[in-house]
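Summary of structural features
Chain by chain, the residues:
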Amino acid sequence: MRMVTGYMEMNKLAMLLVTILKNSLLKGDPLAPALFILGAELLSRMLNNLTHDQFFNGFYMERNGPHINHLSVADDVIIFTSVSPPKTVTKQIEKLAANVFWGMEKDKKKYHWASWSKMSFPFNEGGIGVRSIKDICKSMEYKQWWNFRCDGSFWLDNWLGTGLLASHRTGGGRSAIWTPNVSGNFTCSSAWDVIRKKKQHLLSNKKTWQKKLPFKWSFCLWRAIRNKLPTDDKVIAFGNPTVTRCVSCIKPQGESIDHIFSNGHFARAIWSKYTCITGMQIEHLPLKLTLMKWWLQQSKNAVHQMLIDTTPTIICWNIWKNRCNAKYGGRPSSMTRVLYSIDSDIQIVLKTSYPHINWPSKWNALYIMVEELKHVTSITKVVWKKTHKIFVKINSDGSALNNPGRIGAGIIVRDSQGSFIHAIASPLGEGTNNLA
């Protein structure tokens, strides 16, 4: 028989063997061992050809050592490979993800104002909440090792010839505990948090992202804080000659992030309407200081805190939308329209969270009402009542050490006279009081 070396010829032969095995070969046929050896040889050669594929990440003990892709033992084949794809593949995936995120125009990708690596961090660390492909693959490798480590059949085999391998383990019994997770169970999320690069948690990062607001509003503010918006002073760097002029202000002035959002005549008029009732003085401050001064206000209640957290993002989003409409949309800049949009967006946020309250439409009246809100706590007296003789009563409760934090629950069983029968308590991992 001639040696089959080409991949296409191997593929055709493999299909032929499958056809013979499915349609022609009966159980116990003397031809079966020969076909098995032929199939095993074919599989071995096809696996060897994988080493020439640039996307195959083989197994090796050291970088300069031999690459081993499989091991044939009797009727078993062990394939050696790596969970993580090559760096070229991960870079290509992140490149495609970045192209989708920033968008395409006329089959050409738009300019990426921030690199994917800088955005691949949690919100409170200065990212946009996406994860690095490299870190995800690494956490998957941890999962593969953990599953192998906890596989009962591995530890119950007589690998050393002296009995069960589990008898040589010290401490912990036969169950493994994943310490990064409170429950002790392995999760890719906790592994990712262990291996990833971390950054300092900043208040500005936390306040930029609000769950009550659309992603694009917070992302606009995220870009403004980092000077990653296409303002005239940034576009000039591309080499295209342009006349830098703020389209929102009456007087012709150069366009920059601080001018559009905080220092310009238009921006100062907008901010003054919303800061006047608070007593803050933010005139002529750069955007970052304006935001921090607003966010550091002392809140009177939960609703007031939500208003403090979300209002700056709403203001900046509507200022930027007005600028883009005036510059590219053919609509003249209108302060009245911007103020109306800001008030409307604030109303939507409040009515979504607290739909049963009739909120004033005017900002000053609204802010005063929110400051004066009081949290009312009602107390209901609960008395244990006896049950029928044939029944038992079960009382249960759950709580969290911190909210959120480690949670647990317990139950107590009593008879009709209130006498103790049984009690159970158990940890439930991590979560909030409501979850517990």
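Worth saying up front: this structure is predicted, and the values here are computed from it rather than measured.

Description of the overall build of the protein chain
Within the protein chain, the regular secondary structure consists of 16 helices and 7 strands. Within the protein chain, the fraction of its 436 residues that count as buried is 32%. Of the roughly 28,500 Å² of accessible surface on the protein chain, 58% is carried by carbon and sulfur atoms.

A look at the packing of helix α13 (residues 287-295) against helix α14 (residues 302-328)
In the contact formed by α13 and α14, the axes pass within 9 Å of each other and the chain directions differ by 150°. Accordingly, the angle class assigned to the pair α13 and α14 is roughly antiparallel. The residues of α14 that touch α13, namely those facing L287, L291, W294 and W295, are L307, I308, D309, T311, P312 and C316. Looking at the contact of α13 with α14 residue by residue, the classes come out as 8 nonpolar, 1 polar and 1 charged.

With respect to a nonpolar patch on the surface
Residues V392, I394, I411, I421 and I424 make up a contiguous nonpolar surface patch of roughly 420 Å² in combined accessible area. As for its position among the elements, I411 is in strand β6 (residues 405-414).

Some thoughts on the packing of aromatic side chains
One pass over the structure, following the stated rule, counts 19 aromatic pairs. An angle of 65° between the planes, with centres 6.0 Å apart, marks the rings of W271 and W294 as edge-to-face. Note that W271 is positioned in helix α12 (residues 265-275) and W294 in helix α13, a separation of 23 residues in sequence. Take W271 and W294: they sit in the same class, and that class is buried. Three or more aromatic residues joined by ring pairs make a cluster, and in this case those are F101, W102, W116, F123, W209, F215, F219 and W222. Over the aromatic face of W192 sits the side chain of R131, whose NZ or CZ is 3.9 Å from the ring centroid. The ring of F121 has K199 lying over it, and the distance from NZ or CZ to the ring centre is 4.3 Å.

Here's the deal with the confidence of the model for the protein chain
Taken residue by residue, the protein chain gives an average pLDDT of 82. The fraction at 70 or more is 81%. Highest mean pLDDT in the protein chain belongs to helix α9 (residues 215-225) (95); lowest belongs to helix α1 (residues 7-23) (52). Predicted confidence is poor over residues 1-10, with pLDDT under 50, and the contacts of this stretch with residues over four places away or in other chains come to 15 contacts.

A short note on the pattern of salt bridges
Close approach of charged atoms lets side chains of opposite charge pair. According to the stated counting rule, one finds 8 salt bridges in the structure shown. R196 is paired through a salt bridge with E125; the nearest N and O atoms lie 2.7 Å apart. Taken together, the residues R196 in the loop between α7 (188-195) and α8 (203-208) and E125 in the loop between α4 (116-119) and α5 (133-150) connect sequence positions 71 residues apart. Overall, the relative accessible area of 9% leaves R196 in the buried class. K138 is the salt-bridge partner of E141, the closest N and O atoms lying 3.7 Å from each other. Within this pair, E141 and its partner K138 are both found in helix α5, separated by 3 residues, close to a single helical turn. Within the structure, one salt-bridge network assembled from shared partners comprises E125, D193 and R196.

What counts, and at which threshold
- Residues numbered from 1 in each chain as written.
- Predicted model: local features only at pLDDT ≥ 70, side-chain atom pairs only at ≥ 80, totals over all residues.
- Heavy atoms only, no water.
- Helix = DSSP H or I, 4+ residues; strand = E, 2+ residues; numbered from the N terminus.
- Buried < 20%, exposed > 50% of the residue type's maximum accessible area, 1.4 Å probe, protein only.
- Areas by Shrake-Rupley, 256 points an atom, 1.4 Å probe, with all protein chains shown as cover.
- Axes fitted to C-alpha atoms, helices over the stretch in contact; angles between N-to-C directions.
- Parallel < 35°, antiparallel > 145°, perpendicular 65-115°, else oblique.
- Contact = heavy atoms within 4.5 Å.
- Nonpolar A, V, L, I, M, F, W, Y, C, P; charged D, E, K, R; others polar.
- Patch = residues over 30% accessible without salt bridge, like charges linked within 9 Å, V, L, I, M, F, W, Y side chains within 5 Å.
- Salt bridge = Lys/Arg side-chain N within 4 Å of Asp/Glu carboxyl O.
- Phe/Tyr/Trp six-rings, centres within 6.5 Å; stacked < 30°, edge-to-face > 60°.
- Lys NZ or Arg CZ within 6 Å of the ring centre and 35° of its normal.
- pLDDT = per-residue confidence, 0-100.

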